[in-house]
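# Observations on chain architecture
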Amino acid sequence: MVTVIMEDVHQIFGYAESINVYNDGKSVTYGAGDRQYKEIMRCWNAMIEGAHQMPAFCVSLNGMTTEAMKKNLWVEFDFGKVYECGGMPFEKLLVQVEKNFSGFNLVRYMREAGYEGRCFYLDLVNKNMTDLYNLLQNIT
């Protein structure tokens, strides 16, 4: 399997083949051609514009992460192949979405290990996730 190496995690999101939205345990998938995918990407890109990538505050444990995904709101970018940034490979990136979060962990997923291991972290620098939260709560 070929791994695509990226310098900066900001660059990766436009390569997502699909976006999965998990809301209190229910999931919906939007493909790259879907209107909802485009709306999510537009909102996401506006939110992370000017964000700073920083060392992560957490390490993900697959069992705890999959259990946490049964509650609250999450968005996951599925790339369909392996990418790598900062020496950390991933096929998907998962984010918990909370209105007042001004920074968040990007939880890496690999088929062999699930949501296990080090994360990325983005600081939104004077922004928060309110617009994304509202969009994901109301998207149809």
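Residues numbered from 1 in each chain as written. Predicted model: local features only at pLDDT ≥ 70, side-chain atom pairs only at ≥ 80, totals over all residues. Heavy atoms only, no water.

### Side note on the confidence of the model for the protein
Put simply, the rule is: Residue-level confidence of the predictor is what pLDDT reports, using numbers from 0 through 100. Each helix is a run of H or I in the DSSP string that is no shorter than four residues. Each strand is a run of E no shorter than two, and both are numbered from the N terminus.
Considering every residue of the protein, the mean pLDDT works out to 92; 94% of them sit at 70 or more. Per-element mean pLDDT across the protein ranges from 63 in strand E1 (residues 4-6) up to 98 in strand E2 (residues 18-23).

### Topic: the pattern of salt bridges
The following threshold applies: What makes a salt bridge here is a side-chain nitrogen of Lys or Arg within 4 Å of a carboxyl oxygen of Asp or Glu, nothing more. When accessible area is computed with a 1.4 Å probe and restricted to protein chains, residues below 20% of their type maximum are described as buried, those above 50% as exposed, and intermediate ones as partly exposed.
Within the structure shown, the criterion is met by three salt bridges. Among the ionic pairs, Glu39 bridges to Arg35, the shortest N-O distance being 2.4 Å. Of the two residues, Glu39 and Arg35 both sit in helix H1 (residues 35-48), four residues apart, roughly one turn of that helix. Glu67 is the partner of Lys70 in a salt bridge, and the nearest nitrogen-oxygen pair spans 3.1 Å. Looking at Glu67, the relative accessible area reads 42%, which means it is partly exposed.

### Concerning the packing of aromatic side chains
Our working rule: We call Phe, Tyr and Trp rings a pair once their centres come within 6.5 Å, taking the six-membered ring for Trp, and we label the pair stacked below 30 degrees between planes, edge-to-face above 60, and tilted otherwise. Lysine NZ or arginine CZ positioned within 6 Å of the ring centre and within 35 degrees of the ring normal marks a charge as sitting over the ring.
Applying the stated criterion to the full structure yields 10 aromatic pairs. Three or more aromatic residues joined by ring pairs form one cluster here, namely Tyr15, Phe79, Tyr83, Phe90 and Phe120. Across from the ring centre of Tyr109, 4.6 Å away, lies the NZ or CZ of Lys92, which sits over that ring.

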